[in-house]
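These are the residues of each chain, in order.
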Amino acid sequence: MKFLHTGDLHIGKRLFGVNLAQEQRDILRRIADLAKKERCDAVLIAGDIYDKPNPSAEAMGIFDAFVFELVSGGISVYAISGNHDSADRINYLSGLIERQGVVLQGKYEGKLYCKTLSDEYGELDLYLLPFLKPATVRNYFPDREIDTYEEALRAVLEEKKQNPERRSVLVSHQFVWGASTCESEEFAIGGLDAVSPDAYEGFDYVALGHIHRAQKVKKEALYYSGTPLKYSFSEASHKKSAAIVEIKEKGTVDCRPVLLKPLYDLRVVRGTFEELMDMEYSEDYIHAILTEEEVRPDARVSLLAIFPNMLKFSVENSGLFLSWEASEETDFEKKTPLEMMEEFYCFQNNREKMGERQRALLAEILNDQEGGAV
């Protein structure tokens, strides 16, 4: 049995205010092509299909096109909801579309979903477990104390009637202790939502979602596929991939990450103004870090000629660390000329605010120029 394991698609996500619909369509097309090239039996999607509980029509259309492409190629789809998804929306029409080879498990309702598949090596049990919260699980186990995420997970998994002689795969969306995280993920304060890797004992492979970096946790059987795209500059060094998982006889699992090439990469570049201006023109999404003592007033605007998709611009030197983000542009329309000049003064003078006398003089000049309000 061969699967493609992916997850944390976050369809509909915006990066610094930029709509990533084009990039997401492209990367999902590449994933579908990979699944067909590898002749996978099914694609496993480990939660966070959408970035928001109320996805836009555009986001839903992107996912619909992805699933249609897979099913048209004879590949089944098994997906669960994550903490970003609306369980009810993921469940919508799930009974109808299951007949077409698409299984969507949006919510846990007291029973762990299991689908028995078969190939030349025998039967394989595929379990789907959407994102769990203690409050949800507690309703189905009134006689059991369930206060933590791990207690909730263990309660659900211990109820399954699993045949130890058969191969088994679980798709789950939880934060497992020991996983390496980044700033684009959402967790409970203090790691209260973390679960132990030992809670997943007994499965030949666990297709995990929730963590954005591709990695195994403790052992080969527990694997996060990571996001197919980079969703923060803390992920700039990550190598994004999809996992090709092949399970032959019981106990034999091969998990092979295959790198995914994005339409536009997300990178951090660092150097002096001259060094950055000498770099090759790129439409990648860029965080440019300027490292020099004397900062040209037009440095950021000039760099846009080399990096038109620059989303973040920072200055780092011995006495200064300032940062501008692309999404801040949308605030300019709400600011007066005086407010923008005050911000520029602060930027050029190591965060020192403009004095009252300077402010009054500037206000007078702006009044004379604009003939009125500042």
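See above for the structure.
(A) Examining the overall build of the protein more closely. Scanning the protein for helices and strands turns up ten helices and 20 strands. Looking at the protein as a whole, 49% of its 374 residues are labelled buried. Restricting the contact set of the protein to residue pairs at least 6 apart, pairs at least 24 apart contribute 65%. Put simply, the protein shows about 18,600 Å² of open surface, and 48% of that area lies on carbon and sulfur atoms.

(B) Representation of the pairing of strand β4 (residues 42-46). Extensive coverage of β4 is indicated by the burial of five of its five residues. A two-sided burial pattern is seen for β4, the buried positions comprising A42, L44 and A46 on one face and V43 and I45 on the other. In this sheet, β4 lies alongside strand β1 (residues 2-6) in parallel orientation, the contact comprising four bridges. Across the sheet, the residue bridging to T6 is I45, located in β4. Sheet analysis places β4 next to strand β5 (residues 76-80), joined by five bridges and oriented parallel. From the neighbouring strand, A46 faces β5, where its bridge partner is I80. Viewed along the sheet, the connection from β4 through helix α2 (residues 57-72) into β5 turns out right-handed.

(C) Fine view of the packing of helix α1 (residues 21-37) against α2. It is at 9 Å that the axes of α1 and α2 come closest, and there the two elements cross at 15°. On the basis of the axis angle, α1 is roughly parallel to α2. The hand of the α1/α2 crossing is right-handed. Residues A21, R25, L28, I31, A32, A35 and K36 of α1 form the contact with α2, whose own contacting residues are E58, I62, F66, E69 and L70. Tallied by class, residues from the contact of α1 with α2 come to eight nonpolar, no polar and four charged.

(D) View of the sheet that holds strand β9 (residues 167-173). Reading across from one edge, β7-β8-β9-β12-β14-β13 is the order of the six strands in this open sheet, with mixed pairing throughout. Pairing within the sheet leaves two strands with one partner each, and these edge strands are β7 (113-119) and β13 (215-217). This sheet shows a mean twist of 25° between the axes of neighbouring strands, independent of strand direction. Summarising the sheet, β9 and strand β12 (residues 205-209) pair through five bridges and their orientation is parallel.

(E) Main features of the pairing of β12. With five of its five residues buried, β12 lies for the most part within the structure. Residue alternation in β12 divides its side chains into two sets, Y205, A207 and G209 and V206 and L208, and both sets are buried.

(F) Region of interest: the nonpolar core. One finds L4, I11, I45, F63 and F66 to be the most contacted residues of the largest nonpolar core, which totals 41 residues. Listing elements by their share of this core, those giving two or more residues are α1, β4, α2, β5, β6 (102-105) and β15 (241-247). A per-element tally of this core places α1 first, with seven residues. If sequence neighbours within four positions are ignored, F63 has contacts with L9, I11, I45, I49, Y50 and L104. F131, Y149, A179 and L208 belong to the second largest nonpolar core, which has 30 residues in total.

(G) Region of the structure containing helix α6 (residues 149-158). α6 sits mainly inside the fold: seven of its ten residues count as buried. The inward-facing, buried residues of α6 contact β8 (122-129), α5 (134-138), β9 and β11 (194-195).

(H) Here's a closer look at a nonpolar patch on the surface. Among the surface-exposed residues, Y92, L93 and L96 lie close enough to one another that they form a single nonpolar patch of about 350 Å² accessible area. Note on placement: L93 falls in the loop between α3 (87-91) and α4 (94-97). Owing to a relative accessible area of 43%, L93 belongs among the partly exposed residues under this scheme.

(I) View of the packing of aromatic side chains. A full pass over the atoms with the stated rule returns seven aromatic pairs. With a centroid separation of 5.9 Å and an interplanar angle of 70°, the aromatic rings of Y50 and F63 are classed as edge-to-face. Here the residue Y50 occupies a position in the loop between β4 and α2, and F63 occupies one in helix α2, the gap between them amounting to 13 residues. Side by side, Y50 and F63 carry an identical accessibility label, which is buried. Ring plane angle 80° and centroid distance 5.5 Å describe the contact between Y108 and Y140, whose orientation is recorded as edge-to-face. Remark: Y140 occurs in the loop between α5 and α6 and Y108 occurs in the loop between β6 and β7; sequence separation between them is 32 residues. Classification of Y140 by relative accessible area gives partly exposed; the value is 39%.

Rules used throughout
- Residues numbered from 1 in each chain as written.
- Predicted model: local features only at pLDDT ≥ 70, side-chain atom pairs only at ≥ 80, totals over all residues.
- Heavy atoms only, no water.
- Helix = DSSP H or I, 4+ residues; strand = E, 2+ residues; numbered from the N terminus.
- Buried < 20%, exposed > 50% of the residue type's maximum accessible area, 1.4 Å probe, protein only.
- Contact = heavy atoms within 4.5 Å.
- Areas by Shrake-Rupley, 256 points an atom, 1.4 Å probe, with all protein chains shown as cover.
- Pairing = 2+ DSSP bridges.
- Right-handed = clockwise from strand over helix to strand, strands pointing away.
- Axes fitted to C-alpha atoms, helices over the stretch in contact; angles between N-to-C directions.
- Parallel < 35°, antiparallel > 145°, perpendicular 65-115°, else oblique.
- Left-handed = near helix turned anticlockwise from the far one by under 90°.
- Nonpolar A, V, L, I, M, F, W, Y, C, P; charged D, E, K, R; others polar.
- Core = buried A, V, L, I, M, F, W, Y, C linked by side-chain atoms within 4.5 Å.
- Patch = residues over 30% accessible without salt bridge, like charges linked within 9 Å, V, L, I, M, F, W, Y side chains within 5 Å.
- Salt bridge = Lys/Arg side-chain N within 4 Å of Asp/Glu carboxyl O.
- Phe/Tyr/Trp six-rings, centres within 6.5 Å; stacked < 30°, edge-to-face > 60°.

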